[in-house]
Each structure stands twice: as structure tokens, then as C-alpha cells.
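Tertiary structure, described
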Amino acid sequence: MALLAAVALAIGVAVQAQAPASGFITGVVQGASGPEAGVWVIAETKDLPTNFIKIVVTDDRGRFMVPELPAASYSVWVRGYGLVDSPKQQLRPATTQVTLRATPAKTPQEAAKVYPGDYWLSLLEPPKASEFPGTGNQGNGLGNGMATQNHWINSLKSDCNFCHQLGNELTRTVDHVFKAKPELKTHAEAWEWRLGTGVRGTSMYGVLGSQGQNRSLKVYSEWTERIAKGEVPPAPPRPSGVERNVVVTLWDWGTDHSFMHDEISTDKNRPTVNPYGPIYAVSAGHGSLAIVDPKTNSTQEIDIPTRAPRAEVPSRFPRPNRPSLWWGDTHLWSNPPYNPADPHNAMLDSKARVWMTSKIRQTQPAWCTDNANKFAAWFPLRGSGRQASYYDPKTKTFQLIDTCYSTHHLQFDNDANETVYFNELSGPMFGWIDTKVYDQALKDTKDQVKAEQQAVGWCGQVVDTNGDGKITAPPWNQFSGRGGDSILYAGDTQGAGRGAQPARAGGPDPMLDTIISYSLYAVIPSPIDDSVWGVSERYPGYLIRLDRGKNPPSSCMTEIYKVPDPGFDPRGVDIDTNGVVWTALAASSHLASFDRRKCKAITGPRKVDGSECPEGWTLYQTTGPKLKGTNIPADFHYFNWVDQQDTLGIGKKNLPIANGSNSDALLVLDPDSKKWTTLRVPYPLGFYSRGMDGRIDDPKAGWKGRGLYANYGTHFVWHIEGGKGTKGKLVKFQVRPNPLAN
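Computed from a predicted model, the values in this text were never measured in an experiment.

Let's shift gears to the overall build of the chain. When its secondary structure is counted, the chain shows 10 helices and 41 strands. Scaling as 2.2 N^0.38, a compact globule of 742 residues should have a C-alpha radius of gyration of about 27 Å, and the chain matches this with 25 Å. Principal axes of the C-alpha set define a box for the chain whose edges measure 80 × 65 × 55 Å. When each of the 742 residues of the chain is scored for burial, the buried share is 63%. Restricting to contacts in the chain with at least 6 residues of sequence separation, those with at least 24 account for 67%. Per element, the accessible surface of the chain, about 26,300 Å² overall, is 52% carbon and sulfur. Across the chain, 78 positive and 74 negative side-chain charges occur, with their mean positions spaced 3 Å apart.

Here's what the structure looks like:
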């Protein structure tokens, strides 16, 4: 059914393609021994409709230019490695040069307060490789599932880092736990207590048990004990080269307990859509769409509707297992009082409509298992935890769409019908909506259900193991690919209710094809053919390629490629304009590419173990300090993105970018030179990013007409510098031709 008008927005949609007029602050930073190169100058104001921050880096002579400042009064100060924050000066944009005085740190501990989280996390020493495999708490204290040291590190990164940074001030100390619970006397006791607190306490405590409670508590407590005694990490390098040309702009949005998962500014395939227009984010905890207007520096948040009454759509967020140290027994993000739509991420289409994954109901419609529907005949779906919706800024209305499969991430293809693809977080389905068919069917029939059935499709993962070059109808052999999903996914909008085939006596039949079932974390359609790629975190990680063919589901054919050593834990997935797939290996800290064109000719039966085409892989390990006693960097890469059209303005297309979610940064790789560029956000500390995207507002405006966007996507915004009361932030990155460009 057509749907629910949203509250009228104060933010305009028809935005002229021009940037607002603005001023600047310029000058030099002087230190004790002369000009300070490679330090940050931060300008922040609360005079605008939402809190606004602009950050630049000094050049090799200590000079700086803070450009494009709206008229306001700014607190301006210096932050840099080797320094403590300088006293704040109150300045307004003007042409007069100013001198800022840098303040050197007196001790290594004082200097290290502004180091990124991964530097502090590098002091953590995982259990030694010789201690594995785990034999349980009655044995060596490590979980029985911890077969190797890499399995434990995989859990540290993808189970713990899944929600927040590790190494930031709040996680590297237990002082606040002792203050709240004075009866606790040791760091191990403090860690045991806090891992069971708050809205994610049940899951965190489950992770501790999986890792092995006794040995893991020893790891965490020894880490914070050494830091409490004064141990500090090595100093990070100051920004250099093109990193000094970066301009970072931040806007507040949401509330002090928003869980803002991802932002979106434009259409990935057409990055000039929505020029200078609003930027959107979905607030999972609040079930809302948050909006920043960069022209007016204002923000707003609107509820996403559900088709079923709100009371009938359950929240996935459990009550606190133990009281939160910050919110007590408050049931954050519950329904009621919060909206249960539970959006995950958003994408724009060519009409600047904001498409989202969101809950619209609880009860699965009958057509999802009806043999009259060809997709249901092959892959009947008996449950789904999240569906789809879009917001049209022109009409200020939402449209809700049932999908049968559960939705998680979504990505638009570059085909004429603007097909949008989805993955299931805890399920194997590749799903899609043909948006052109949907729009036309809804226009012609005025029947929501008929439009959904015409436009929605899905395929499972079937491999041509009999080697006949096609997929035959069920029954199939079954290959169990489930398992290895994060403990935290257990309640997160998983797919449900697919009946399993009975096990075949005598093992696999070589005359049949084989269905596999790898849960997908993300999905990306190829711009060069009809394939769609998904990524599975099942250790050590896999790429799953689906070729839809001409008549899905009967033509859907799957290939599987395993991440090679020493990589493990792919999370994000994106693709360049040549069809090369990129995935961030979150736990082993690599960006990995897979180029199917490099595969040797594969004929005959396809394999289901992922061993085909090892020659297609290339791994690039990120820089930064490594976990103590290992060769694995302490950074974490929640996701990744390919800047296909040089929206960042570095001057090169198809640059892959990984989220430095532990390092307050985005990490840009040049595959030709194998060099990394770090786009650091030094304030407020705690920049934990998930998705990102880039927009070209004006192709003729140089660096001012381009920008890359991300946001603080942590579950817990009270972990950000400033603590409870701090709001999440939208972040824009621009690259100037030099540090003084205005």
C-alpha cells in the first residue's frame, strides 16, 4: 500500500548546485623551537543550528588555512603528536593572520593522550600461538573453538570491534568501573563485570565465553594494568605529503544515544546526483532517518514507518544483562519508546530517493513460500527479520516494500532498471528489487503486493558440481557453509525458516549440483556483467559470486573463492569499474583484491571449498602498530569502498579505501605504488566509521566541488571524546592542491 506521509522537513530538497559563501581563518603555528609542521588546527563553533567543526593541517612552515567557514565565532586550537592541546582562542573568519602557540607535552604519557586507539591496542598481547588450540576453562583457559591464535584475534576484532573501538580512552582503562563498583578490587574482576553490562552485555559476555574466559580476562587485565602503570605506545607519525592537504568538516546529528550506522550523500553510480544536497543516515536504535543540510548547517531526524502497528514489530535489542555504567537499567533502543523500524544502511538512486533496509512487519506473507512464485518454488522463505523502504524527498513520503528474504546491506546496480541488491546478515540469500518494474507496477496496478511480487526476486547459492554448465532443479547435494558467524549476529535480523533437505545416504551424488549456505555480510553488483558478489566472514573468509543468468532462479549459478593466507575475516566488499573486487580483511588488517580475469581456465565440476583461483588474489596489509607479539596490525576495518570516480579529489580513479575504525581514519590505497594515505580525524577522538561514500557537487569547482563522507558509526557515542552527552557526527573529507588553498 502507498504510504505514510512524513513530517514536513525544514530542510529543503531542491538545492541549487552551488556552495554557500564563507570566510576563512589563516596564520601560523609556532612551537617552542619554531614553526610546527604537520599538526592540526581545529575550529569549532556552537553558533550554528548544529555543532560545526573544521580541521586542517599545517604545512612544512607551520602555516595553515581553515577555509569555507560560515559566519560565526570559533574556538580555535592546535592538536598534534608530541603536543598537548593549546589554549583555545576565540576567533571569527577574517583576513588578518593569526599566530597560534603550540604546547609541547612534558611526558610521554601526556603526549599519548591523543594517539589513535590502535596505537593503544597494540600494547595488548594475545595468547601466544603455542598456547593453541583451546581446551576450555578447565584446561588452558581458551575456548574450545579457538583453534589458533588467529581465531582468537578474529574474535577480538570482529566480535569486540563489531560495536566500537578498542584502545580508546574508555576501553583502555577500568577506572570508571572501579568508581561505579568499589567492591571490585582487580582489573580481571572489573573486566568480567563490564563485559556483561548494558544493551550489548549479553552478547559481550557470550564472546568472552567463546574466547575462553579465564585466559582472555588475563589478556585484557594485563593490558589495562600495564597502561595504568604508565606504559605508552610508540608515537604515530605526523601527517605528511598529501595528508597535509586534507580538510575535514564535521556536523553533529542525532542524540547522545543514537546508533547511527551509515550515511549516504549521492547515487554510487552517478555521483553528481543530489549536488550540495542533504546527507542522510539511518539511526538503527531510534528507527529514524537523520539528515544534515550542509548549506544551512542544520539537522533533523524523522521516524521511519512500519506497515504493521509499531507494537507488533519487536526490537532486536535486549535489555541490559547488568546495568549500564552510563545508562543504568534503561532499555536503550527498545520498542517502546523507540521506533522499531531498525534501519541498517541507506543508498540513493538516480532520483535522489533514499532506499533503506528497515523492518516493516513481523509476519511473513504467504507468497514467500507459494510455489506459484518461481523464487519461492526453488527457495521457499519462511521468515525474515528486516525488509526494505525508501524515502522520497520530493513528496516527503515513505514507501515500504516486503522482500521475503531478510535484508542487511543494499547496493544499486548500474543496469537500466536500477536493480537494488541485498544480502542477509545471517543467511545465504542474494535478493533484489527491480526498481523500474516496481515503480511501473505500482503505478499501473495501485496494488502494493502485486508490485512486490513482480519486482522482488532472490536466489540461494547453488554450485555446478556436476559440471554440466547449468543449475539443475532440486534436489541438490548439501554442503554446510553455516557457522562462524559473529555471536553478536544471533539477534540481528537474521533470515529464518528454510527447511533443510534430508541428508543423502552414501554421501554426495556426483550427478547433482550442490547447495551451499554461506551467510553474507555484504553484497556488490558488478558494473561489467550480470554477476553479484557477496562476502562471507566464515573463517577464514570467502567471496561468493552469483551469476543470475537470463532466467533466475533456474539460471542462478554460484562460485566460491576462499581468502588466502595470511588474510582472514573479510567484511566489506566493493568493486572497481574494471570488475576487480575489493574486500577489507578486518581482523588480519589487509585490503584484498580479487581479479577473476586472472583465473586459469576452469572446466568441469566446480568446487565448493573455495580453493579455485588462488592466483586471483592480492593482499595489501595496512600500516600501523601491531598487536604485541604478533605480525597483525591493531587496526580494524569495518568496511571498505572504492572511489570509482575520484570523488575525494586525489586525482586518481578506482582507489580502494578501508575504514580505519580503530585508528580514527580512512585509509586510501594506491594499488600501483602500494602506498597508503591516512585521512585522520584527530578530534573528537573515537572516529569509528562503517560505511562511506563520495559525491561530486560540481565537476568544475575543483576540490571544493568534491568530497568523501563518513560518520561516527559506533554503537556507543558516549565512547567518543567528551563522554556522555556527546553526539554522533557526519564527517566530510576534501583534498586541496596544497595546505593553503582557499
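Let us now look at the sheet that holds strand β17 (residues 354-358). Pairing within the open sheet is antiparallel, and its 4 strands lie in the order β16-β17-β18-β19. Looking along the sheet, the strands with just one partner apiece sit at the ends: β16 (346-348) and β19 (397-401). Geometrically, the sheet is characterised by an average inter-axis angle of 25° between neighbouring strands, direction not taken into account. As defined by bridge partners, β17 adjoins strand β18 (residues 387-392) across 5 bridges and the pair is classed as antiparallel. By the bridge assignment, W355 is partnered in β18 with Y390. Running over the sheet, helix α9 (residues 435-445) touches β17, β18 and β19 and is turned about 105° from β19.

Let us look at the state of the cysteines. Under the definition given, this model contains 3 disulfides. With its sulfur 2.0 Å from that of its partner, C368 forms a disulfide with C404. Residues C368 and C404 are joined by a disulfide whose S-S torsion is about -80°; by sign, that bridge is left-handed. Of the two residues, C368 sits in the loop between β17 and α8 (374-378) while C404 sits in the loop between β19 and β20 (410-412), which places them 36 residues apart along the sequence. In this structure, C368 and C404 share a single accessibility class: buried. What pairs with C599 in a disulfide is C613, and their sulfur atoms sit 2.0 Å apart. Given an S-S torsion of about -100°, the disulfide between C599 and C613 has left-handed geometry.

With that out of the way, let us pick up the sheet that holds strand β34 (residues 617-621). Here 4 strands make up an open sheet; going across it, the order is β31-β32-β33-β34 and the pairing antiparallel. Looking at the sheet topology across the chains shown, the edges are occupied by β31 (574-575) and β34. As defined by bridge partners, strand β33 (residues 590-594) adjoins β34 across 5 bridges and the pair is classed as antiparallel. Across the sheet, S593 pairs through a bridge with T618, a residue of β34.

So, about the nonpolar core. Residues W152, Y220, L543, L666 and F733 are the most contacted members of the largest nonpolar core, which totals 101 residues. With 5 residues, the single largest contributor to this core is helix α7 (residues 213-228).

Note the cis peptide between P336 and P337, where omega equals 5°. Note that P337 resides in the loop between β15 (298-303) and β16. Here the bond from Y683 into P684 is cis, since omega is -15°, no more than 30 degrees from zero. Checked against the element boundaries, P684 lands in the loop between β38 (675-680) and β39 (692-696). For Y276, which is not a glycine, the phi torsion comes out positive at approximately 55°. Judged by relative accessible area, Y276 falls into the buried class, the value being 8%.

Here the focus is the packing of helix α5 (residues 187-194) against α7. It is the contact of α5 with α7, at a shortest axis distance of 8 Å, that shows an interaxial angle of 115°. Like other packed secondary-structure pairs, α5 and α7 cross with a definite hand, here right-handed. Two secondary-structure elements touch here, α5 through H187, A188, W191 and E192 and α7 through Q213, L217, Y220, S221, W223, T224, E225 and A228. Grouping the amino acids of the contact of α5 with α7 by side-chain chemistry returns 6 nonpolar, 4 polar and 2 charged.

Moving on to the packing of aromatic side chains. A full pass over the atoms with the stated rule returns 38 aromatic pairs. Look at F259 and F317: their rings are 6.5 Å apart centre to centre, the planes differ by 80°, and that puts the pair in the edge-to-face class. Taken as a pair, F259 in the loop between β11 (246-253) and β12 (260-264) and F317 in the loop between β15 and β16 lie far apart in primary sequence, 58 residues in all. Here F259 matches F317 in class, with each residue buried. Between F716 and W718, the ring centres sit 5.3 Å apart and the planes meet at 40°, which makes this aromatic pair tilted. Taken as a pair, F716 and W718 share a single burial class, namely buried. Of the aromatic side chains, those joined through ring pairs into one cluster are W367, F375, Y405, Y421, F422, W432 and W458. Stacked on the ring of W77, the Lys or Arg K88 has its end atom at 4.2 Å from the ring centre. Here the basic side chain of K181 rests over the ring of W193, its NZ or CZ set 4.1 Å away from the ring centre.

Averaged over every residue, the pLDDT of the chain is 93; the share at 70 or more is 93%. Here residues 1-17 is a poorly scored stretch, pLDDT under 50, and it has 48 contacts once near neighbours within four places are set aside; other chains count. Note on residues 496-503: pLDDT under 50 across the span, and 15 contacts to partners over four residues away in sequence or across chains.

Calculation rules
Residues numbered from 1 in each chain as written. Predicted model: local features only at pLDDT ≥ 70, side-chain atom pairs only at ≥ 80, totals over all residues. Heavy atoms only, no water. Helix = DSSP H or I, 4+ residues; strand = E, 2+ residues; numbered from the N terminus. Rg over C-alpha atoms; globule rule 2.2 N^0.38 Å. Buried < 20%, exposed > 50% of the residue type's maximum accessible area, 1.4 Å probe, protein only. Contact = heavy atoms within 4.5 Å. Areas by Shrake-Rupley, 256 points an atom, 1.4 Å probe, with all protein chains shown as cover. Lys, Arg positive; Asp, Glu negative; His and termini not counted. Charge placed at Lys NZ, Arg CZ, Asp CG, Glu CD. Pairing = 2+ DSSP bridges. Axes fitted to C-alpha atoms, helices over the stretch in contact; angles between N-to-C directions. Disulfide = S-S within 2.5 Å. Core = buried A, V, L, I, M, F, W, Y, C linked by side-chain atoms within 4.5 Å. Left-handed = near helix turned anticlockwise from the far one by under 90°. Nonpolar A, V, L, I, M, F, W, Y, C, P; charged D, E, K, R; others polar. Phe/Tyr/Trp six-rings, centres within 6.5 Å; stacked < 30°, edge-to-face > 60°. Lys NZ or Arg CZ within 6 Å of the ring centre and 35° of its normal. pLDDT = per-residue confidence, 0-100.

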